[in-house]
Every structure is written in structure tokens, then in C-alpha cells.
2 protein chains.
Amino acid sequence: MANEKKQVEQITDMDEDFGRWYTDVCTKAELIDYSSVKGMFVLRPLGYAIWENIQKILDEEFKRLGHENVYMPMLIPESLLQKEKDHVEGFAPECAWVTMGGDEELEERLCIRPTSETLFCEHYQHVIQSHRDLPKLYNQWCSVLRWEKTSRPFLRHREFLWQEGHTMHATAEEAREETLRMLNVYADFLENSLAIPVIKGRKTDKEKFNGAEETYTVECMMYDKKALQGGTSHYFGDGFAKAYDIAYTGKDNQLHNPFQTSWGVSTRLIGGIIMTHGDNRGLNLPPRIAPVQVIVIPVAQHKPGVLEAARELTDRLRNAGFRVRIDESDHAPGWKFAEHEMKGVPVRVEYGPKDIEQNQCVLVRRDTGEKTAVPLDGLEEAVSRLLDDIHENLYRRAKANLDENTCPCTDLEQVREQMEKQGGFAKTMWCGDEACELKMKEVAGVTSRCIPFEQEHLGDTCAVCGRPASTMVIWGVSY
Amino acid sequence: MANEKKQVEQITDMDEDFGRWYTDVCTKAELIDYSSVKGMFVLRPLGYAIWENIQKILDEEFKRLGHENVYMPMLIPESLLQKEKDHVEGFAPECAWVTMGGDEELEERLCIRPTSETLFCEHYQHVIQSHRDLPKLYNQWCSVLRWEKTSRPFLRHREFLWQEGHTMHATAEEAREETLRMLNVYADFLENSLAIPVIKGRKTDKEKFNGAEETYTVECMMYDKKALQGGTSHYFGDGFAKAYDIAYTGKDNQLHNPFQTSWGVSTRLIGGIIMTHGDNRGLNLPPRIAPVQVIVIPVAQHKPGVLEAARELTDRLRNAGFRVRIDESDHAPGWKFAEHEMKGVPVRVEYGPKDIEQNQCVLVRRDTGEKTAVPLDGLEEAVSRLLDDIHENLYRRAKANLDENTCPCTDLEQVREQMEKQGGFAKTMWCGDEACELKMKEVAGVTSRCIPFEQEHLGDTCAVCGRPASTMVIWGVSY
């Protein structure tokens, strides 16, 4: 029967081939499966459970801030999509089009939503009449589709799961506040729940969302020093409202167009978790979103009383509010250790006859491998503390990676050398000219990630053209 | 400013025109909005919040029984759909087809999932190799699309939200157990959470799901005496497994095909709630899924201290675990009463200066309109009891409607007369012949709803053809 036992599979060394390591983790930790449509993936139970935990925390926070969930249709008539010109130009090349319903050709083709601004606008046009109807703070959890040429698990799916907030406000000021409020929700979530440090900032005009006046972003650095955009929040002004005829009667009895925002995060975040915390043993999940926080492994489970005692311990931890499972399978303990490390479980509890006798168990940290024997009295507190420690440690490591690989530069050549030598992020002064962004890309291979809120003074001239500059930009290579 | 105040809108009398009453409730209680694509609706905050509560209760129960959530792609290649012949024949006429990705014509057209058996089978083919991989107990929350000619809010959408469970088992017996276990989960949920009584039974071969060996159903009777299928659970045998090459190595070291089930409920349930409990004042929500269970209306809120006291009362009820809101808007109390009745809030709390003085509040039941002054001491218990009473009363009323309108009949003519006179359900003996089902439809206008598990002996001959019969069937007109 030995050949029938599932083996813990080997993964590529992350320092040898980070791309292959990443795909290995996605498949061998059983996060995803491929489907027969290119770029469309199956989210397996572990992958989906991480998303459920992300949803739960964010959804609670959205609701606490007064947002309500709705659900819009998944299909957009071509004529509806076309009302806002910048928006349609950006998305039309990526649309999947429905042209047949049953046996009949449709009179107008319908696009599967790549994002839902247009649908929200159509609905807002129906339900916003008076200043009493504002603000509208709506959010939607759904899947969207973008017909991209290349694909990669979590990072670039043709179909992906996300949330998209769409809000309408009486004043520009209020809409701008909402835009930044939600950016901060994302930043706090990434740092406090995913242990991913972020740089908050504004996108340059070149990099902003199609149809937005301003786009804000939380940018993260992965283990391989490349950038991942963790979430974005857009301020639209009243451009869509005008294009879609949304107007309300103000307290002054005059008609006004409301001001709009949208903001979203997606299953990309799971890619971010993998690439920020993972290692050569596989996935390494931040405790606050880990579907299983504690895995109990009975040692010598064939011996009388061991399995029963391990089950009791499991129940005890479950009753204390931890997400805990026991692995009672007939694999050897060593196999189980490797398997749950691959799946990123933050804490392993080893519990065998000697432990039972000594009224203790052994806690093993996924992040450092450190083992500690812990008395059963006060176990709950020890596990709770350990999960917090692991979170802090994951965050600290990621922050060190970000800080050590973000380099101030004063000219283009220095950025090029820095990128060639070390990679990571460069920060430079920038004059604001798009031509300089393009030049930076051409020479140093990097694009602007954002204009960070925390500005530094690195000189008075643009690193590219030498003209006067008062804005600092972060540059990098992005997923 | 009077004309700017939103009026509580009138709805059609339900006994005059039930169809219009239904649409009125859907739109005026702000459950749905129409979109520019026929048959595709916007679920507004109240409609979606009911769905979220349905999801929460069911999802917990699914997980308690060992199911895991996954997410499959929304697009199915035509060739994948075609592998199981009965299945594709049933669904192909209702498929919406994607034929273009960006500017390019696709090599193979892709159907937006009308249901996901084929996608689950493709994945199961990848991940089921050994008896150790069984059972697989997966569920998916998603939207599906069926290109129907007619549409009606919640009852018949081209796109609707649902859950679809798909499980694989080593033996037929275990799969059959799962099929019935999940049917019972639905029955308990409808009765205990939605206050909708059900008839559990098996569908005739004519009415079963495309590709299933057996389909089980929970059938409900609406206020207008028509039937609504509340949820279905299917046993597939190993037909799909064979068509999709899913096989596992058993303990006997031989290859076997596993046995499959699927089961689902959808946003149709919201239609069922409306049509079971609603009345001429609008929506009437069963307390256990009502997004707002208690609405607090401050009376004479301009008087000093009233609003503050009402907010305290609201917080107190919220802290006790009720879903509670306060209406502080500047509408008159009478307007507010009608508004929250329209939206189906089970309990209204009226709280004004006299109440504050007497340390009491007034509780008003949505279902009966009954008003009771209740001392603030022990308010939590009173509200809790009242919500349970309302649930029981809603259930009792619906059960009486079902019982009073289900009539035993012995021949076709009697069914015809019964339907003409009273409508509702007829129960008769049936020989098992599909020709008799067709005849029943032709003469009496009814179809078989199910062969109920609770059989009765109403004679020994088929009500249609007079041949020997030992099976009792429930007949009715279905949504």
C-alpha cells in the first residue's frame, strides 16, 4: 500500500526560480487547479477558505462604516458600457462578449462585467433623486472577467473574485474623504490581517484607473522584490454621473450631479500572501486569515489513549475560539509535519504519550520552526500569544525586505544600476511629466508604483530630465 | 418641501391581482430594480441582505456536515458541456454563449454556467485517484445564467444567485444518504428559518433534473395556492463519473467510478418568502432571516430627551443580539410605521415621552398588527419571545393554507373541478405512467409536484387511467 500513500511533494527552490516556486506552491498546497479554459482557475477548498476569511474581515469593516451590499447583473450591454469614453477605451479590448442566447443571435452584444461602474451608474440613475438619497454607500462581492493574453494563479486570472465598492456623494469633498477612508481600510487590513506592509500613495495620471480623476493605491513588495498593487481606491468626480445622467435635487431646489468613488481588492491578495510570506517549505499563512490556525498531530497515535487525548485537546482549543483541526490520518508524523507546513498552518501541536504523561504539549511555529514544550495549564494563552508573535514576525520580516530594498536615487543611471544589481524599489524626485515616466521604463525597466503620501526630499530636480521637481515617486517592476 | 418627502407607495390588492401585488412588493419594498438587460435584476440592499442571511444559516449547516466551499470558473467550453447527453440536451437551449474575447473570435464557444456539474466533474477527474480521496463534499456559492424567454423578480431570472453542492462518494448507498440528508437540511431550513411548511418527496421521471437518476424536492404552497419548488437534491449514480472518466482505486486495488449528488437552493426562496407571508401592507419577513428584526420609532422625537432615550433603547436591543435599527428621519411616525411594514420588519418599537415616563415601550407585531405596552425591565425576553411567536404564527398560517388547499381526489374529472373551483394541490393515486401525467396536465392543468414521502392510501387505481396504482402523487400549478 506504500505507493498509494500520498507523498508530500517537492517544490522548486524559491531562490533558484521564484516563478516556478510560486506555481508549485499554488498547486501543491492545493490552492488552485487548472480548468480547460485558459486563465480560468478552480479555487480549491484551501484557496477559497482564505478568500472567505478575507471577505469576513473586510465585509464587517465595510458594514461598520455604513456600506450596504448589493448585487448587479453580470452582463453589460455594449451601449451602456460606451457612455463613459475613457472607461470603455480601457476595458473594451479585454471584454468577453456574449453574442448568442440559446439558439438566437442577440440584437446587441453583452459584455461580461470587467468591473461594474456602468451598472452601478444605471441603477443610481434610477434611485438617486433627492439629496435625501445621498450618500449611497454600496459594495458588491462578485466575479469579474478580463480577457487577458497571459495568466498566472491569483495574480492574473481571466475571471477573478473581488469586491467593488461604489459610492455616491453630494459633495466632492465627501467623496474624496470616502476614497481615502477606504484606502486606509485596505492599508490597515493588509498590515493587521495579512501581515503585509504597504506604501500608501497616489497613482500618476498614466497609471490611474480608466475614467477616474484620481487613483490611490496600497503597494506591497514581494519576496522577489517585485511590486504588487494590493488594492485601489478611485475618485471619479462627477464625470460618470454626467455621462449617465445621475442628478439630484439639492436643498437649494436645484439639480446637481453627485460625486463618485469606487474601490476594490481581489483574490490577487492571496498571491500577495504567498509571495510575501512563503518559503521553501511552501505556504506560510498569516494567523488572522489562516483557515486552520492550529493543526494537532497525535504522536504514536496507535497507542491506547493518545487519539482520545488529542481529540480532547483539539476540542479544548476549538472551544477557546481557535480554528483548529486534528490530523488523524494513518500517515507517519513526519509526513504530516511536512504536509501542514506546505499548507501554511501557523502552529503545529505535537502531542504524544510522553506529553500526556507530563501534562504538556509541543508547539511548533511554522514561520521559524521553533519548538517549545508548553504546560497544558494556560495552553490557550500560550497559543494566542504565539499566533500574535507569528503575525508580528511575518510583518517584521516583510517590512525589513521592503525597507532594505527601497533605494533613494538621484538620476536615471543610478536607478538602472540599482535595478540591475539589487532590484526592488527606487525612489526619486519626478517633475510630473509622463515623458519622464516612459523614459524611466525604457532605461531602467521600472514603472511608477505611486506618489507616496510620506514624501521625502531627495533633491530639487527630476531624476530623469533634471528639471525642477518637488514630488517623490516610488518606481519598481510590478506583477 | 412636502412634495419632496418620499411617500409610502400604494400596492395592488393581493386578492385582486396577485401577480401585480407581487411585482409591487418587489419594487416598492426596494428588493429589486430592473436593469437594461431583460430578465436580469439588481438585488438592492434589502433583497441582498435577505440572501446574506439565508447564506449564513445554510453555509454554517453545510460546513457542520463536513462540506467545503470552492469556486469553479463561470465559463464552460461547449465540448465539456456535451459529454453527458441528457444534461446538455436539457441545458443547451438556455445557454448564453461567449463567442468573442476582446477583438478575437474564440476557437470554441463558451457557455456561461447554467449549473456546474460539468465543471465539478472536470475537477474531480483531476483530484480523485484513491479511495482516500473520497468522499468529496464540495459546495459553491455563485451566480448562474439561463437564457429564459420570460422573467419575474426572484422566480425566474436569467441570472440568479444560488448554491450548488456537488459531492462524490465511494458507494451508491453513501451518495443516496447524502442526497436525502441535504434534502432534509433544506426542509428544516425552510420550516425553521423561513417559516415555510414543505412537502418532501421525489420527482417523477418526467420532472427530474437533466442527467439525474433521482431528484428529490421540497414543495411549498404560496398564498395564491400555486406551488413553488423550494430546493432540490439529486442522486446521479455514476453516470457523470463514467462520462467524465472519474475513477478511483479502491481498497481492493481495482478501479471504480464514484457516485455523485448535487443539491441547490437559490434566490427563488426570496420569492417564496414574499408569496408565503406577504400581505396588503407589503413584505412580511420571518424573524430569523429578517435583516432588520426590530425597528425603533421615536414618537415626538423633537421633544427633549426622546431621541437620546430611543438611541439608548436601540443600543440595548443591539447588545442583546437583535438586528435592530432606529428611524430618526424627519418623516411623521405614521409614515414610518407604513414604510417599515412595507419592508416587512417583524417588530416595531414605539417609544415616546409617555413611554419614557412610564418606563415602558410599545411593541407592535408586523404579522397581526397587535400592540402591547411592555415594561422596559425584561424587554429583551419580551422581544425574543415575540419574534419566536411571530415565526410560529407565520408558519401556522402557511401550514393552514397548505392543508386547507390540498384535496384528495380519485379521478381526473374531480381534479379538474377541484382546480377550477379552489385551486391548490390535488393528491391522487398514480400508476407511474408518463402518459397519465400528460393527460392530467391536459385535462386539469396541473403537473406532478412530487411523490411525497408521506404516502396515503386513496384507493388502488390510477386517477387518470384506472389501472392498478400504489403511489400517491401531489399535483399542482407551479411557478
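What comes next is a walk through the structure. (Residues numbered from 1 in each chain as written. Chains lettered and ligands numbered in written order. Predicted model: local features only at pLDDT ≥ 70, side-chain atom pairs only at ≥ 80, totals over all residues. Heavy atoms only, no water.)

**Notes on the overall build of chain A**
Here is step 1: Across its full length, chain A carries 14 helices and 25 strands.
Here is step 2: In terms of overall dimensions, chain A is globule-like: its C-alpha atoms have a radius of gyration of 25 Å, near the 23 Å expected for 479 residues.
Here is step 3: The buried share among the 479 residues of chain A stands at 60%.
Here is step 4: A sequence separation of at least 24 residues applies to 69% of the contacts in chain A between residues at least 6 apart.
Here is step 5: Carbon and sulfur atoms make up 46% of the accessible area of chain A, which totals about 19000 Å².
Here is step 6: On chain A, the mean spot of the 58 positive side-chain charges and the mean spot of the 78 negative ones are 3 Å from each other. (Helix = DSSP H or I, 4+ residues; strand = E, 2+ residues; numbered from the N terminus. Rg over C-alpha atoms; globule rule 2.2 N^0.38 Å. Buried < 20%, exposed > 50% of the residue type's maximum accessible area, 1.4 Å probe, protein only. Contact = heavy atoms within 4.5 Å. Areas by Shrake-Rupley, 256 points an atom, 1.4 Å probe, with all protein chains shown as cover. Lys, Arg positive; Asp, Glu negative; His and termini not counted. Charge placed at Lys NZ, Arg CZ, Asp CG, Glu CD.)

**A short note on the sheet that holds strand β4 (residues 75-77) of chain B**
Here is step 1: Read across the sheet, six strands follow the order β4(A)-β6(A)-β5(A)-β5(B)-β6(B)-β4(B) without closing on themselves; strand pairing throughout is antiparallel. Bordering the open sheet on either side are β4 (75-77) of chain A together with β4 of chain B, each of which pairs with just one other strand. Across the sheet, the mean angle from the axis of one strand to that of its neighbour is 45°, orientation sign disregarded.
Here is step 2: Taken together, the three bridges between β4(B) and strand β6 (residues 104-112) of chain B define a ladder with antiparallel strand orientation. When the sheet's bridge partners are listed, B:Ile76 is paired in β6(B) with B:Cys111. (Pairing = 2+ DSSP bridges. Axes fitted to C-alpha atoms, helices over the stretch in contact; angles between N-to-C directions.)

**Here we look at the relation of the copies chain A and chain B**
A rotation about an axis combined with a shift along that same axis relates the two copies of the chain.
Here is step 1: The transform that puts chain A on chain B rotates by 180° and translates by 0.0 Å along the axis, for an RMSD of 0.0 Å. Expressed as an axis order, the relation between the two copies is that of a two-fold axis. If distances are taken from each C-alpha of chain A to the rotation axis, the shortest is found for A:Val98, at 2.1 Å.
Here is step 2: Mapped onto chain B, 100% of the interface residues of chain A are again interface residues, and the two copies thus contact each other with one and the same surface. (Least-squares fit on C-alpha atoms with pLDDT ≥ 70 in both.)

**Details of the environment of A:Trp430**
Residues and elements named next belong to chain A.
Here is step 1: As for its position among the elements, Trp430 is in strand β23 (residues 425-430).
Here is step 2: A relative accessible area of 7% places Trp430 in the buried class.
Here is step 3: Placed 32 residues apart in sequence, Trp430 and Cys462 show a C-alpha to C-alpha distance of 4.3 Å.
Here is step 4: Those residues in contact with Trp430, other than ones at most four positions away along the chain, are Thr204, Cys436, Glu437, Ile451, Cys462, Ala469, Ser470, Thr471, Val473 and Trp475.

**Focus: the sheet that holds strand β16 (residues 294-298) of chain B**
Backbone hydrogen bonds hold the strands of a sheet together, and the pairing may be parallel or antiparallel.
All names here are of chain B.
Here is step 1: Read across the sheet, five strands follow the order β17-β16-β19-β20-β21 without closing on themselves; strand pairing throughout is mixed. Each edge of the open sheet is held by one strand with a lone partner, namely β17 (324-326) and β21 (371-375). Taking each pair of neighbouring strands and ignoring which way they run, the sheet shows an average axis angle of 25°.
Here is step 2: Relative to strand β20 (residues 360-365), strand β19 (residues 347-351) runs antiparallel, the two sharing four bridges. By the bridge assignment for β20, Arg348 is matched with Val364.

**Observations concerning the nonpolar core**
Here is step 1: Grouped together as the largest cluster of nonpolar side chains are 78 residues, with contacts concentrated most on A:Ile54, A:Leu75, A:Ile112, A:Ile274, B:Leu75 and B:Ile112.
Here is step 2: Setting aside residues no more than four positions away along its own chain, A:Ile54 makes contact with A:Phe189, A:Leu194, A:Leu269, A:Ile270, A:Ile273 and A:Ile289.
Here is step 3: Among the nonpolar cores identified, the runner-up in size contains 56 residues, and B:Phe41, B:Val218, B:Trp263 and B:Ile273 belong to it. (Core = buried A, V, L, I, M, F, W, Y, C linked by side-chain atoms within 4.5 Å.)

**What about the side chain of B:Glu159?**
Here is step 1: Along the chain, B:Glu159 turns up in strand β8 (residues 159-169).
Here is step 2: A:Arg113 is the oppositely charged side chain nearest to the buried, salt-bridge-free B:Glu159, at an N-O distance of 4.3 Å.
Here is step 3: Here the side chain of B:Glu159 touches B:Ser143 through a polar contact of 2.9 Å, side chain to side chain.
Here is step 4: Other than its neighbours up to four places away in sequence, B:Glu159 contacts A:Tyr71, A:Met72, A:Pro73, A:Met74, A:Arg113, B:Gly39, B:Met40, B:Ser143, B:Val144 and B:Leu145. (Salt bridge = Lys/Arg side-chain N within 4 Å of Asp/Glu carboxyl O. Polar contact = N/O pair within 3.5 Å; in protein donor to acceptor, adjacent residues only side chain to side chain.)

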